[in-house]
Amino acid sequence: MMKFRFRRQGNDPQRDKIKQELFAFNKTVEHGFPHQPSALNFDPQLQLMAIGSKSGAVKIYGAPGVEFTGLHKDTAAVTQIHFLQGQIVCVCVCVCVCECSTSRVTVLLLLRSCDLLCVGTEGGGVHFLDLPCLSLRENQSLLLDQVMQSMPEDYRCGKSLGPVESLQEHPQLPGKILIGYSRGLVVLWDLSSRNAEHLFLGKQQLESLVWERSGSSFISSHSDGGYSVWAVASGNPYTHQPVSSTIPYGPFPCKQHYLVVYSGGMPRASYGDRHCVSIQQDKQHVTLDFTSRVIDFFTVHTTDPEHEYDDPSALVVLLEEELVVIDLLTPGWPSIPPPYLAPLHSSAITTSCHIDRVPAKLWDRLAIAGKSQGTHSPHRVGHWPICGGKNLAPPPKQQDLLLTGHEDGTVRFWDVSGVALTPVYKLSTAHVFHTDCDLNDDPLDPRNDPDTQQEEEEWPPFRKVGCFDPYSDDPRLGIQKISLCKYSCRLVVAGTAGQVIVLGLSDERSDHMIDVSTVDLLQDLEGFTWKGHDRLEARANPTPFPPGFQPLVLVQALPPASVTAVTLHAEWNMVAFGTSHGFGLFDYHRRSVVLARCTLHPNDSLAMEGPLSRVKSLKKSLRQSFRRIRKSRVSGKKRPLTTPTSKVQEANAALADQEEVAPVQRRIEPRSADDSLSGVVRCLCFADTYLRDGTHHGPTLWAGTNSGSVYAYALEVPGVCVGSGRVLGEGSVEAVLGKEIQLMHRAPVVSIAVLDGRGKPLPEPYQASLDLATAPDMSNTHSVLIASEEQLKVFSLPKVSAKTKFKLTAHEGCRVRRVAMVTMYSTAQEDYCENTLVCLTNLGDLHLFTVPALRPQVRYECIRKEDISGIASCVFTKSGQGFYLISPSEYERFSMSAKVTTEPLCSVQLDRPNDASTPLQANGTHWKLKPKMRTSTCFCPSLVSVNPLLIYCPLTPPGFTEDPQSGLSSPLLSSPLDSPLSMADISLDTTGDLTVEDVRDYLATVDEAENNLRNITEEEAHSPGILIN
C-alpha cells in the first residue's frame, strides 16, 4: 500500500494582505426598539433623548442617524437616567442598596447647576452627592427626624411619612427643592440654610410632583386618581388644603384652561387593565389608549426663560413595546410617525428577506403606496421633535429594503439604507382570506382602522394609539417565506397553511377576484392522512385592494402544511414552493400546475401532523435524544477492564482509524433514511444551465430535501431561448427529471447554487437581459454547489461528478445553518472583488470560503451558540452584511466586508462655559475608549455596598474629537463580539425556520460541546465596547 504525505502550505503574505483588504468583521448598529425599556429622559438643550433598559443598556437618540450606546458591565436594570446639562453625560440608577441608609434609591434630582445630585430613598432620607465624583456630602443628609420636628403635632399621628416619591427643583429659585413623601406631605427645603421653608400637609397618597413655570404653584398627583394644585405663598409655614383638587374620571370632572398631561387616573374597577395617558385643555379631552404599559413620558417645550408659558409642541410617550409621539400643535393631537425606534415586533417576526440595490422606480412606487395607507398625519411628516446632533454620514449610494414576515399575515418593508430603520410600506394578506375577525369586506373602510374607530362609550374619550398588536386573528396567516423580483415588481408570499400568493405592484385601487389553484403534493398517495389544520378559504367575491402589492393568484398546497421553501423566476413566470410533503412548480402566467413531486418517506409520520400540532413531536424528538445520550453513557460504563494487551489492541485500532480518517477530521455517521421529517424541502433554485448534455443549456429547477436528496428538473418554457438558439413556441411548460443526487450521509441540503463557466454565480432574472450584470459564461463547463449541514461540495455539470469539497462538520465540529453567496470588495483596488461563500453554523460562527475552490478564508464569532432564535433569524446581504434578532424587537447589523459597512457617524455641538465649543463626533454603535483619554467611564462612589448604584456615564468623552473618516472601515479587533442584549430566554416561536436539530444542538452534552470546540482556533482577543462598571 502506498502512502502519500503532503507538506502543509505556509501562509502566503500576498494572500493575507488581500484578505485584510477584503474581510473585516464589525457589529455596527442595532435596528428596532430597545428590548424591555425601563427609563426615559430628555435634554431640552441638546434635544437628545435617553432610554435605559433592564439589561443595562443606555441609548441616546437625536435626529435620524444620531445614535450613541453605552453598556453596563453587569446586567442591572436602569431605573432612572438624568442628563448633565449641556453634556452627553448620563447619571444612571441601577437596582441596589445605599450603604448609608440601607434603603433602596427611589428618586434622583440633578440640580441645574450640575454640581449636586439629590438622592431620595425608600426609608425617607434624602442624601446629597457632589458631581462628577459622586462623593457623599458629610453631615448634609436630610433624615426623617429633621422633617418630623418641623411638622405640627396634629399631623404626626404616629404614622411614618413613607418613601420619598418625588424631588423637584424650584424653577426660579436655585437651591430650593420640593420633597414629596408617600403619605402626602410635601416639604419646600432650602439647601443653603438646611431649613424647611414650607410644609404642604397633603392627606392623599402621593405619586408625583411638578412645578408650574413661574414657581408660584405646583401640582401633586395622588393614588385616588386625582391631582391637586398648591399655592406657594410666604407667611404661614403650613398649608393644609390645596387651591383645587380634581379627579378627572370621577363623578364630577372639571375642565382645565391650561394643558394637563397625566398617565393613569382611570377607575380601577372598570378600566384597571387600560394603559392610558390623558391630555386636557379647555373642552378638548383625549385619553390615549395604548396596548402596552406606560414607562414614562415628557413634553418637548421651549427653554427660553423669557417665555411666560412652556408652549409644548410634542408629547413623547415611552411604552413597554413602542415609542409614541403626539403632535400638540395640530388640532386633534395626531400622532407623528417615528423615523426610528420602529416596533419591529408589532406582530411576531417569522421570516425576513433582504433586497439590495432597489431600482428607483420601484422605490418611489412603494413610498407613494406607503404614504397613502397609514401614516395618519401626512401633513406633519418630517416634523420630528427630537432633532439633536448632526448626522455626518454621507447619503447612501443605494437603496436597500428589509422585508419582514409576521405572525398576523403582514409583510413590512423597511428602509435599511442607513443607520435609521424606517418603515416604507406594509402589506396585509389577511384580506385575501375569510377569517373569524372580519369586520367587512373592505380593508379601506375607516371602520377597520383601529385609530379611527369610535368607542361605544362617550366617556372616557378613548383613542387607540400605537401599532403594537401581539395577537393574531388566525395563526394560519403567519408568513413563512418571501421572494421579491425587484425588476418586474413581482412578490411571492408563502404562509403557514400552505398558501402561496403571487402579487403584482399597482398604483391604483382595484376590486377583483383572486384566481385560486390547488397543487396536490401527495398525488393521491395511499396510507397518509393529514392531521393538521385546515386550509384558509379565499374570498369568493371581488375584493377591494389598496394601491401597492395586489394578489394575482393564490396557489394552495395540499396538504396545507407550512411552506418551507419558495423561489421566484419572474422572467419565466414561474414560482416553485416546497413543504414537508414535497415541492411544486406553478406557471402563474398561464395559471397552470407544471409539477408536483412528493418527497415523503414511508416513516414520515410527523409530516402529517403540521406545525400547529407539533408539541408532541418535539417532545418525542427530545426524548429520543436523551435516550441516545443515556445509552452512550451506559455503554461507556460497561467497558471491559483495561490490560496491557487490551491497551495494545486499542492503540492498533487507533492507528487503523487514523489511516482511514485524516487526523483533523471527525468521523461522521450516516443518518438513517427513516428519520422523521426527512421529506422536508429545505431549498429551491432556478438556473439556466447544462443538465441533459454539455451542448444544450436551458431552464432547470433544483430542489434539496432534509434527507440529503437533490432533484434536478429540466424545464421547457415557451418563449425562452435554449442552448442551440432555438426559441420554444407557444404551449405549456413541461418539466422532466434530469438528475437525482443522494448525498452519502443523508445530511439536510441547506442551499443549492449553480456556477457558470468562470465559477461565478448566475445573475438574477432580468439582470443579464437588461444589461445590469455581466452575462454568464456559457462556453465552459458549469458546476453546482450543494451545501448540506455537514459539508460543502461542488459537482461538475452535466455529469454531476465531484470536483471539490470541504467537510465542515468533520473539520470544525459544527453544522451549517445559513448559506449565502456574497461579493466582497477590496478597500485598496476599486475594481477588485471576490465571490465568497458565507456559512453560519449552529455554534454562531461565520465561515468564509472562496468560490469555487472552497478554500477557507476567515472565521468570525458572530452569535452566541445558545441564541437559537438569533441563528435561525440571520439573513445576509449580497454586499457582505447581515442581520439577526438579538431580541424580539431588535436586529443586530454586522458587516464582514472591509469596505461595505453601515454605522453611525454623527456629532453633537456642546457649549461648555470653560472650554471652546467642540463638536463631539462618534462612529460605530459602541464607544471604544482609547488609552490616551483621561476621562474615565465610571465613577464608583463609596456609598455603594455591593452593586453599582449611581453611574456617571460619559457616552462621549469630554474634549474628545475624532476624525469622521477614521471610522469608516473599523478594524476587526475594535468590535465586540457579544451584544449584551442577546437574550437566551427568547421564545422559540418568535422566528421561523426553527427545526428539531436546532433544539438538539442546544441540548448537546458538555462532552459534545468540548469536542466541537477542540479544533476551533482561537483568535486574538477583541477589545470590548464601553463597559460601565
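Residues numbered from 1 in each chain as written. Predicted model: local features only at pLDDT ≥ 70, side-chain atom pairs only at ≥ 80, totals over all residues. Heavy atoms only, no water.

S.K.: Would you explain the overall build of the protein chain in this entry?
M.R.: Scanning the protein chain from terminus to terminus reveals 11 helices and 64 strands. Burial statistics for the protein chain: of 1029 residues in total, 53% are counted as buried. Long-range contacts, defined as pairs at least 24 residues apart, comprise 61% of the intrachain contacts of the protein chain with a sequence gap of at least 6. Working note: accessible area of the protein chain is about 46500 Å², and carbon and sulfur atoms make up 50% of it. (Helix = DSSP H or I, 4+ residues; strand = E, 2+ residues; numbered from the N terminus. Buried < 20%, exposed > 50% of the residue type's maximum accessible area, 1.4 Å probe, protein only. Contact = heavy atoms within 4.5 Å. Areas by Shrake-Rupley, 256 points an atom, 1.4 Å probe, with all protein chains shown as cover.)

S.K.: Would you mind going over the sheet that holds strand 51 (residues 783-788) with me for this structure?
M.R.: Two modes of strand pairing occur in sheets, parallel and antiparallel, and in both the strands are linked by backbone hydrogen bonds. Spatially, 4 strands are ordered 50-51-52-53 in an open sheet, and the strand pairing comes out antiparallel. Sheet topology places strand 50 (749-755) and strand 53 (801-806) at the edges, where each strand pairs with a single neighbour. The mean angle between the axes of side-by-side strands here comes to 20°, regardless of whether they run parallel or antiparallel. Examined bridge by bridge, strand 52 (residues 792-796) and strand 53 share 5 bridges and lie antiparallel to one another. Each residue of the ladder has a partner; that of Lys 793, found in strand 53, is Lys 805. (Pairing = 2+ DSSP bridges. Axes fitted to C-alpha atoms, helices over the stretch in contact; angles between N-to-C directions.)

S.K.: Looking at this structure, I do not really get the confidence of the model for the protein chain. What am I missing?
M.R.: In the predicted model, the protein chain carries a mean pLDDT of 79, and the fraction of residues at 70 or more is 74%. Here residues 450-456 scores under 50 on pLDDT; set against residues more than four positions off or in separate chains, the count is 12 contacts. The low-confidence segment residues 913-996 (pLDDT under 50) makes 239 contacts with residues lying over four places distant or belonging to another chain. (pLDDT = per-residue confidence, 0-100.)

S.K.: I tried to follow unusual backbone geometry on my own but got confused; where do I start?
M.R.: In most cases, non-glycine residues show a negative phi, while peptide bonds are predominantly trans. At the junction of Leu 797 and Pro 798, the peptide bond is cis and its omega measures out at 5° in the coordinates. On the secondary structure map, Pro 798 appears in the loop between strand 52 and strand 53. Of the consecutive residues Val 851 and Pro 852, the connecting peptide bond is found in the cis state with omega at 5°. In this structure, Arg 591 is a non-glycine residue whose phi angle is positive, near 55°. Looking at the secondary structure, you find Arg 591 in the loop between strand 44 (582-587) and strand 45 (592-598).

S.K.: Mind showing me how you'd approach the side chain of Ser 38 here?
M.R.: Turning to its location among the elements, Ser 38 is positioned in strand 2 (residues 37-43). Polar contacts involving the side chain of Ser 38 include one to the main-chain carbonyl oxygen of Val 78, which spans 2.4 Å. Excluding anything up to four places from it in sequence, Ser 38 contacts Gly 52, Ser 53, Lys 54, Val 78, Thr 79 and Ile 295. (Polar contact = N/O pair within 3.5 Å; in protein donor to acceptor, adjacent residues only side chain to side chain.)

S.K.: Teacher, can you tell me more about the nonpolar core here?
M.R.: Note that soluble globular proteins tend to have their nonpolar side chains buried in a common cluster. Ranked by internal contacts, the top residues of the largest apolar core, which has 33 residues, are Leu 366, Leu 401, Leu 403, Phe 413, Leu 427, Leu 491 and Phe 549. When residues of this core are assigned to their parent elements, the largest contribution, 4 residues, is made by helix 5 (residues 360-374). Once residues within four sequence positions are removed from consideration, Phe 549 is found in contact with Leu 366, Phe 413, Tyr 425, Leu 427, Leu 484, Cys 489, Leu 491, Leu 503, Gly 504 and Leu 505. (Core = buried A, V, L, I, M, F, W, Y, C linked by side-chain atoms within 4.5 Å.)

S.K.: Looking at this structure, how should I read the pairing of strand 44?
M.R.: Here is the key point about a regular strand: its side chains alternate between the two faces of the sheet. Along strand 44, 6 of the 6 residues are buried, which leaves the element largely enclosed by surrounding structure. The side-chain alternation of strand 44 yields two buried faces, one formed by Gly 582, Gly 584 and Phe 586 and the other by Phe 583, Leu 585 and Asp 587. Bridge analysis of strand 43 (residues 574-578) against strand 44 gives 5 bridges, and the strand direction is antiparallel. Counted as the bridge partner of Met 574 is Asp 587 from strand 44. The hairpin turn running from strand 43 into strand 44, its antiparallel successor, is 3 residues long. Sheet analysis places strand 44 next to strand 45, joined by 6 bridges and oriented antiparallel. Bridged to Phe 583 within strand 45 is Arg 597. The antiparallel hairpin formed by strand 44 and strand 45 contains 4 residues in its connecting segment, where Arg 591 sits at a positive phi of about 55°.

S.K.: Whenever I open this one, the sheet that holds strand 27 (residues 323-327) confuses me. Can you help?
M.R.: Sheet architecture is open: 4 strands sit in the order 25-26-27-28, paired in antiparallel fashion. Sheet topology places strand 25 (294-300) and strand 28 (335-336) at the edges, where each strand pairs with a single neighbour. Here 6 bridges tie strand 25 to strand 26 (residues 314-319), and the two strands are oriented antiparallel to one another. Its bridge partner being in strand 26, Thr 299 is matched across the sheet by Leu 315.

S.K.: How do you make sense of the pattern of salt bridges when you look at a structure like this?
M.R.: Any two side chains of opposite charge can pair if their charged atoms end up close together. Per the counting criterion, the structure on display carries 25 salt bridges. One salt bridge in this structure joins Lys 486 and Asp 356, with 3.4 Å as the shortest N-O distance. With Lys 486 in the loop between strand 35 (479-485) and strand 36 (490-495) and Asp 356 in the loop between strand 29 (349-355) and helix 5, this pair connects stretches of sequence that are 130 residues apart. Members of the salt-bridge network, linked through shared partners, are Glu 30, Lys 59 and Glu 890. (Salt bridge = Lys/Arg side-chain N within 4 Å of Asp/Glu carboxyl O.)

S.K.: Teacher, can you tell me more about helix 1 (residues 13-22) here?
M.R.: Because each turn of an α-helix spans 3.6 residues, side chains separated by three or four positions end up pointing in the same direction. By the burial criterion, the buried members of helix 1 are Ile 18, Lys 19, Glu 21 and Leu 22. Buried residues of helix 1 fall within an arc of 165° about the axis and therefore sit on the same side. Opposite its buried face, helix 1 presents the exposed residues Pro 13 and Gln 20, each directed more than 90 degrees away. Against the buried residues of helix 1 lie strand 1 (23-32), strand 54 (816-825), strand 55 (833-841), strand 57 (856-861) and strand 60 (890-897). (Arc of directions from axis to C-beta.)

S.K.: Whenever I open this one, the environment of Val 229 confuses me. Can you help?
M.R.: Positionally, Val 229 belongs in strand 19 (residues 227-231). It is 6.9 Å that separates the C-alpha atoms of Val 229 and Ser 217, two residues lying 12 residues apart in sequence.

S.K.: Explain the state of the cysteines here, please?
M.R.: Any covalent bond linking the sulfur atoms of two cysteines counts as a disulfide. Tallied over the full model, the rule gives 0 disulfides. The thiol of Cys 489 is unpaired, and the distance to the nearest cysteine sulfur, on Cys 485, comes to 7.9 Å. (Disulfide = S-S within 2.5 Å.)

S.K.: What's the story with the packing of aromatic side chains in this structure? I'm lost.
M.R.: Given two aromatic rings, their pairing is described by the distance between the two centres and the angle made by the two planes. This structure, assessed with the given rule, holds 20 aromatic pairs. Considering the side-chain rings of Phe 25 and Phe 894, the 5.9 Å spacing of their centres and the 35° angle between planes classify their relative orientation as tilted. Of this pair, Phe 25 sits in strand 1 while Phe 894 sits in strand 60, placing them 869 residues apart in sequence. Phe 894 matches Phe 25 in its accessibility class, with the two residues each being buried. Aromatic pair Tyr 425 and Phe 549: ring centres 6.3 Å apart, planes at 50°, arrangement tilted. (Phe/Tyr/Trp six-rings, centres within 6.5 Å; stacked < 30°, edge-to-face > 60°.)

S.K.: I'm lost on the environment of Ser 150 in this one. Help?
M.R.: Among the structural elements, Ser 150 can be located in helix 2 (residues 144-150). Ser 150 sits 48 residues away from His 198 along the chain, and the two C-alpha atoms are 9.3 Å apart. Ignoring sequence-local partners within four residues, the contact set of Ser 150 consists of Ala 196, Leu 199 and Tyr 238. A polar side-chain atom of Ser 150 sits 3.5 Å from the main-chain carbonyl oxygen of Gln 146.

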